[in-house]
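Breakdown of the fold
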Amino acid sequence: MLDYHSKTIEKKWQNFWKENKSFEPSDDFSKEKKYILSMFPFPSGRLHMGHVRNYSISDAFARYHRQQGKNVLHPIGFDSFGMPAENAAIKNGSHPKGWTYDNIDYMKNEFYSLGFSFSRERELATSDELYTKFEQAFIIDMYEKGLLYRKKGMLNWCPHDQTVLANEQVVEGCCWRCDTPIVKKDMNQYYFKITQYGDELLDDLKKLEGGWPKQVLTMQENWIGKSNGLAFDLFFDEESSVKLNSTFKSFDVFTTRPDTIYGVSYTALAPEHEIVTYMIENSLLSNDVIAEIKKMKTTSSIDRQKEKAGISLGLDVIHPLTGKKVPVWIANFVLMDYGSGAVMAVPAHDERDFDFAKKYDLPINAVIKPLEGELEADKAFTEVGELFNSGEFDGLNSKKAQYNIINYFEENKIGKKTTNYKLKDWGVSRQRYWGAPIPFVHCEDCGIVMEKKENLPVALPEDIEITGEGNPLDNHPTWKHCSCPACGKPALRETDTMDTFVESSWYFLRFCASPENWEKEAFSKEQIKYWMGVDHYIGGIEHAILHLLYARFFTKVFRDLGYIEFDEPFDKLLTQGMVLKDGAKMSKSKGNTVDPDAIIEKYGADTARLFILFAAPPTQELEWNDSAVEGAYRFIKRFYERSSKVQKSETIPKIDHASLSKEEKFARKKVYEALVRANDVYNERYTFNTMIAGVMEAMNALNTQENQDVWSEGYWILCSIMEPVIPHVASEISEKYFSLNNLTTQSVLEEVFVEDSMTLGVSINGKRRCEIEVALGESDETIIALAKESASKWLEGMTIIKEIVVPKKLVNIVVKG
RNA sequence: GCGGAUGUGGUGAAAUUGGUAUACACGCCAGACUUAGGAUCUGGUGCCGCAAGGUGUGGAGGUUCAAGUCCUCUCAUCCGCACCA
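**Examining the overall build of chain A**
The number of helices and strands found in chain A is 27 helices and 34 strands. Overall, chain A is about 100 × 85 × 50 Å in size when its C-alpha atoms are taken along their principal axes. Expressed as a percentage of the 817 residues in chain A, the buried residues total 53%. Taking the contacts inside chain A whose residues are at least 6 apart along the sequence as the reference set, 72% of them involve residues at least 24 apart. Carbon and sulfur atoms make up 48% of the accessible area of chain A, which amounts to about 37000 Å² in all. For chain A, the separation between the mean place of its 99 positive charges and that of its 122 negative charges on side chains is 1 Å.

Structure, rendered in C-alpha cells:
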C-alpha cells in the first residue's frame, strides 16, 4: 500500500524542474512551436483563485504541447505599474516600488509552489526600467508617426486634494478620500489615435472568427460601433440666433435613421456641448438651470443613461425639409464623445427619444409604419418600414428612403453621408507617479520635444512622497527640470505617466525575446516571426474589450512601424469565468476569499489544480466548494495508491484484446475513450472538466478487474493525460513505473471500440419506454419489429402512424389511439 | 440605460450535429471493514407515488415524429461601459 504525501512529491518535482530548467523554450526555430500565454497579473500581494484558475488552464495547455514534442513558450510577468501601489503608499506609507517588488517576490513563490511550468528566464515586470526604456522608445516612434497627440479632455478633479481621480475613486460624485464633490476639469492630455485603426480593428475581427469566442468578437464590434448615416446642420431661427448674440448660426447633428427625419419633434444637445458652454459663460441661462447642467455633467455616463433628464433652452432651429420650428433641449443621455454631441430626436421611432418626449410632453409624430400590421400606440416603432407624412418620400421603404434622403441632402449641399464610430481615441495620460513617464520635454522655444533615445529610460525618481494630493512628479523639487534635447535650454519634463494598458499592449512581444538580448533590443524580428501569434491566450472575460482591443491596436501600429509582420496577436482566445464563493465573486470586502496557499498547505498543489479544472468548464463561472476540493484530494490519493497494481515497464504493454474478459475489455475501452476525449479537449474543446470525468470513469472501470497488463496500460495512458493537470503526482508515478517514457503522444487503439451489439432506446410518441439490444448492422425492419415487440404493452389498441429509426440511438414509434 | 453572457437534481455540472435528460463528482442514506482514519470499500439517491404510472432542464407560448438544444415573449443573476487592472 502506497501512502500519498503531497508535500514530499510536490517539493521533489518542483526542485527537479527548477534544476533541470525543464520549461525553458529552445532557440531551435526548426521545431514546431506553441506559444501559450495567460494574461499576466497585477502584483496585488497574493495570488487569488482567479489567478490559480488562469494559470492552471495555460499550464495544462503548455504541458500537453510539451508532451506532443512542441517547443513551448509559456512565460510569466507582472503588470506592475498602477494605482494600487500608490493607494498602498497612501494607506501604509510604503514606497510603490518596494511594495510592488515585495509582492512580486511573494507571488512568484506561490506560482512555483503550484507547479506552473513557466519559463523562469523570461520573467519580467513592466515597472523594470529596462521595460520602460523600450516602451518609451515605441512611444516616441508613435508620436513621430502622428499616432500620439495632445488635446484637452475632461477629467474628474478633486478641488480639495488638487488631484485627478480615476472613475473608481469617485464615490457618488465625491472624492473617495475627502468626500469633496468632484468637478470636471478640462486638461491637456495625450491620446493614441486608435480611431485611425477603427476600420481595420473592425474588419480584422473576421480573421479571429473560430479562434475567439463569438461573444468577444460581438462585444468588440459593438464597442467600435461603426454606423453609417447622415450628418447635417440645423440652423437657428432669427430670434434664437439673436439670443446667442449671433455667435452660433447652427449646430451639427448625426443620425443613422434619415428616413425618420420628418418625425423630428425636438433636438437635443449634450450638456457639454459648446453652445451650452457659451450660454453658461454668457449668463444666458438661469442659475437653477446652470446648477442642473453641472449635475448632469458630474453624473457618471452610466447613470446618465438611466433616468432621462432634460432642460429646454428656449431656442429653436429650422427643420431642413419642412421649414418648421423645432425646439432645442439639453438631454442627459446625449453624449459629447459620440457623433457631434447633438441629436435630432424622433420620439415616434426611437425609444430614448420617446421616453424623453413622454416625460417633457413633447410631440410624437409617427412617419414610419410597419410593412405588415398596424403601428402600436404608446410605443416607439424602431424597426424599418414604410414612410408616411414624409412629403415627397411617402410610400418608400426605409432603406430606399435613407438612400434618397441622403442623396437629397448631398445634392442640395445641406448634409453629408457620414460614418461614425463609438470608438474614441485612447487617453493615455495619468497624473500619477507609479507609471512609465511619457518621455517628452516641454521647451519654451521648441514646444514638445522627444527625449533622445540614447537617454532612455526617463526613469522615475525614488525620493518621492505619495500623499494622494497633487501630481507627485509635478510636486518633486527637481525631477521635471531638464534641458531641452533640441536646443539645450532649460526645459520641463512631461510629468504625466502612461496608462498601464500601454504596458500590457506589447508584453507578449517582449516574451519572444531571448534573455541574452534583453539589454540590446526589445525583441528581434526573427524571434517574433517564430513565436507569434500567441497560440492560446487565456484570461478573464472582463478584458474582452479594452485590453484586447488595445493589444490589437498596438500590434497593427508595430506592424506599420516595421517591427513585426502580422496583423493580429492572439490566434486563439479563451476567456475564463470568475471564481465565486457562496454565489458571489470572491473579494476581500465580502470576506469570502479562499487563500490558495492554505489549499496547497492542506491538500497540495495538484488538488488545487484538479479541483479548479474539474469543477466547471473554463469559460463558465466556478463556484468554490470545500468538500468538492476534498473530493479532488481523495481522487488523487486513490490514483496514487492504486498505481501499486501497475507493472514496471519501459513501453506500453501489448495486450491481446480478444482474449480479455468483459470487464477487462470495458476497462480498456474506457481508458481509450478518455484518451480520445483528452486529445479533443486539449486541441478543440478546452472542457477539462469532461476530460477529468472521463479519466475518473476509466479509473472506475479499471477497478472492476485485476488484469495487471490492463492496469499498466491504463496508467501509462491516464498518467499522460493527467500530467498537465496534476503534474507532480503524475510525474511521480510515471517515473516510478515507466521512467517518464509515457509522457508523450499516445496513439489510439481502435480495436478496443469495436462492439458486436448496440443498445437502442425505444420511444412511443417521443417518450422513452424501454430499450432493445440489437446486433450491429441489423436492418431497420428487424429493429422496428424488435422494438414493437418489447414495447407491445404501450402499443395495445393504438394505430401506428410512423416509425423512425435513428441509427445507433433510438427507435421512435408514433401512435394514435 | 446600452452591449455581452448565464439559468438543468440538495450542490458543482454532463448531454460534441434536434435523437435514451441528469455522465463524472460533491452531499445525503444504507451496509461492510478496521490498526478509529482527512479513512477506505460496496450499494442506493431528480421529484410525486405502495405500485402501475405521472412529471421534470428559470417562466409562458410555438415549430417538430422528437426540444436542455431551434423560434417568440418574459423573469432572475453576472460581466463590460473607456482613469481599477
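**Here's the deal with the pairing of strand β32 (residues 767-775)**
The sheet contact formed by strand β31 (residues 757-764) and β32 spans eight bridges and is antiparallel. Of the residues in β32, the one forming a bridge with S763 is R768. Connecting β31 to the antiparallel partner β32 that follows it, the hairpin turn spans two residues, and N765 within it adopts a positive phi of roughly 50°.

**Re the state of the cysteines**
If you walk through the whole model with that rule in mind, you get zero disulfides. Free of any disulfide, C175 has its nearest cysteine sulfur in C178, 3.6 Å distant. The exposure class of C175 is buried, given its relative accessible area of 1%. Just so you know, C443 is unpaired, no disulfide at all, and the nearest cysteine sulfur is the one on C487, 3.7 Å from it. A relative accessible area of 7% means that C443 is categorised as buried.

**Here's the deal with the sheet that holds strand β21 (residues 440-443)**
Reading across from one edge, β22-β21-β24-β23 is the order of the four strands in this open sheet, with antiparallel pairing throughout. The outermost strands of the open sheet, each flanked by one partner alone, are β22 (447-450) and β23 (481-483). Strand-to-strand twist across the sheet, computed as the mean angle between neighbouring axes with direction ignored, equals 45°. Sheet analysis places β21 next to strand β24 (residues 490-493), joined by two bridges and oriented antiparallel. Considered in β24, the bridge of H442 is made with L492.

**A word on the sheet that holds strand β1 (residues 33-38)**
Where strands meet in a sheet, backbone hydrogen bonds hold them as pairs that are either parallel or antiparallel. Ordered by their spatial adjacency, four strands build an open sheet running β2-β1-β26-β27, and the pairing between neighbours is parallel. Since the sheet does not close on itself, it has two edges, and those belong to β2 (71-73) and β27 (573-576), each with one partner. Strand-to-strand, the axes of this sheet are offset by a mean angle of 15°, without reference to chain direction. Here helix α2 (residues 49-67) sits on the sheet and contacts β1, β2, β26 (536-540) and β27; the angle it forms with β1, its principal contact strand, is near 175°.

**Description of the packing of aromatic side chains**
The relation between two aromatic rings is expressed through the spacing of the ring centres and the mutual angle of the planes. For the structure on display, the rule yields 66 aromatic pairs. Considering the side-chain rings of Y197 and F553, the 5.5 Å spacing of their centres and the 75° angle between planes classify their relative orientation as edge-to-face. With Y197 in the loop between β9 (183-192) and α6 (198-203) and F553 in helix α18 (residues 546-560), the pair connects residues that are 356 residues apart, well separated along the chain. Classification of Y197 by relative accessible area gives buried; the value is 6%. Between F635 and F639 the ring centres are 5.8 Å apart and the planes differ by 15°, which places this aromatic pair in the stacked class. Here the residue F635 and the residue F639 both occupy positions in helix α21 (residues 626-641), the gap between them amounting to four residues, near one helical turn. Directly above the aromatic system of Y191 lies the positively charged group of K151, at a separation of 4.5 Å from the ring centroid.

**Some words on the confidence of the model for chain A**
In the predicted model, chain A carries a mean pLDDT of 93, and 100% of its residues have values of at least 70. No element of chain A has a lower mean pLDDT than strand β29 (residues 584-585), which averages 78, and none a higher one than β2, which averages 98. With pTM at 0.94, the complex prediction returns an ipTM value of 0.94.

**Some points on the protein's contact with RNA strand B**
In the neighbourhood of RNA strand B, 71 residues make up the surrounding shell, with N167, Y603, A615, R634 and R768 lying closest. Atoms of RNA strand B within 4 Å of the protein belong to the sugar or the phosphate in 63% of instances, the rest to bases. Taking N700, its side chain carries an N or O atom lying 2.9 Å from a phosphate oxygen of RNA strand B. Taken together, the residues of the surface near RNA strand B break down into 26 nonpolar, 23 polar and 22 charged.

**Describing the side chain of S265**
As for its position among the elements, S265 is in the loop between β11 (250-255) and β12 (266-269). S265 sits in the buried class, given a relative accessible area of 5%. Within polar-contact distance, the side chain of S265 engages the backbone oxygen of P363 at 2.7 Å. Ignoring anything within four residues of it in the chain, the contact list for S265 reads V326, P327, A345, P347, P363 and N365.

**Regarding the pattern of salt bridges**
Under the definition given, this model contains 51 salt bridges. A salt bridge links E706 to K645, with the shortest nitrogen-to-oxygen separation between them at 3.8 Å. Here E706 is found in the loop between α23 (688-702) and α24 (708-722), whereas its partner K645 is found in the loop between α21 and α22 (662-685), with 61 residues between them in sequence. A residue is classified by how much of its surface remains accessible, and K645, at 28% relative accessible area, is partly exposed. Among the salt bridges present, the one from E673 reaches K670, with a minimum N-O distance of 3.5 Å. With E673 and K670 both in helix α22 and three residues apart, this pair spans about one turn of that helix.

**A few points about the environment of F635**
Take F635: its relative accessible area is 3%, and that puts it in the buried class. C-alpha separation for the pair F635 and A667, spaced 32 residues apart in sequence, amounts to 18 Å. Sequence-distant contacts of F635, defined by excluding residues within four places in its chain, comprise L610, V695, M696, M699 and M722.

**Description of the packing of helix α3 (residues 83-92) against helix α4 (residues 96-113)**
Closest axis-to-axis distance for the α3/α4 pair is 9 Å, and the angle between their directions is 115°. Seen from above, α3 lies across α4 with right-handed handedness. Counting all contacts with α3, which are made through P84, A85, A88 and A89, the residues of α4 involved are P96, W99 and T100. Each residue belonging to the contact of α3 with α4 can be placed in one class, and the counts come to six nonpolar, one polar and no charged.

**Observations concerning the side chain of R642**
Along the chain, R642 falls in the loop between α21 and α22. Here R642 is buried and forms no salt bridge, its nearest opposite-charge partner E641 lying at an N-O distance of 7.0 Å. Setting aside chain neighbours within four positions, we find R642 in contact with M699, N703, W711 and Y715.

**Overview of α2**
Helix length check: α2, at 19 residues, gives a terminal C-alpha distance of 26 Å against a target of 27 Å (1.5 Å per residue), a fit within 8%. Most of α2 sits inside the fold, with 18 of its 19 residues counted as buried. Of the residues flanking the end of α2, it is G69, one or two places downstream, whose phi is positive at about 85°.

Cut-offs and rules
- The residue count restarts for each chain, going from 1 along the sequence in the order it is written.
- Following the order in which they are written, the chains are lettered starting with A and the ligands numbered starting with 1.
- The model is predicted, so local features are restricted to residues of pLDDT at least 70 and side-chain atom pairs to those at 80 or more, both for listing and for counting; the totals for chains, interfaces and linings are taken over all residues.
- Just so you know, side-chain values use all the structure's heavy atoms and leave hydrogens and water out.
- Strands are runs of DSSP state E lasting at least two residues, helices are runs of H or I lasting at least four, and both sets are numbered from the N terminus onward.
- Only protein chains enter the accessibility calculation, which uses a 1.4 Å probe. A residue is then buried if its area is under 20% of the maximum for its type, exposed if over 50%, and partly exposed in between.
- Residue contacts are counted whenever heavy atoms from the two residues lie within 4.5 Å of one another.
- To measure how exposed things are, a 1.4 Å probe is used in the Shrake-Rupley method; for residues, cover is taken only from the protein chains shown.
- His residues and chain termini do not enter the charge count, which takes Lys and Arg as positive and Asp and Glu as negative.
- Just so you know, the charge point we use is NZ for Lys, CZ for Arg, CG for Asp and CD for Glu.
- The rule for pairing is simple: two strands pair if DSSP sees at least two bridges between them.
- What counts as a disulfide here is a pair of cysteine sulfur atoms lying within 2.5 Å.
- Angles here are taken between N-to-C directions and fall from 0 to 180 degrees, while the axes themselves are lines fitted to C-alpha atoms, restricted in helices to the stretch in contact.
- Pairing of aromatic rings covers Phe, Tyr and Trp, the last counted by its six-membered ring, and requires centre-to-centre distances within 6.5 Å; plane angles under 30 degrees mean stacked, over 60 mean edge-to-face, and any other angle means tilted.
- Either the NZ atom of lysine or the CZ atom of arginine qualifies as a charge over a ring when it sits within 6 Å of the ring centre and within 35 degrees of the ring normal.
- A residue's pLDDT is the predictor's confidence in that residue, given on a scale from 0 to 100.
- Residue proximity to a molecule or strand is established when one non-hydrogen atom of the residue lies within 4 Å of it.
- Each polar contact in these results corresponds to two N or O atoms within 3.5 Å; when the atoms are within protein, one needs to be able to donate a hydrogen and the other to accept it, and residues that are neighboring in sequence are counted only if both atoms are side-chain atoms.
- Polar here means any residue outside two lists: the nonpolar Ala, Val, Leu, Ile, Met, Phe, Trp, Tyr, Cys and Pro, and the charged Asp, Glu, Lys and Arg; Gly therefore counts as polar.
- A pair is scored as a salt bridge if a Lys or Arg side-chain nitrogen falls within 4 Å of a carboxyl oxygen belonging to Asp or Glu.
- Less than a right angle of anticlockwise turn of the near helix away from the far helix marks a crossing as left-handed, whereas a clockwise turn marks it as right-handed.
- Between the first and last residue of a helix there are one fewer steps than residues, each counted as 1.5 Å, and that sum is the expected span.

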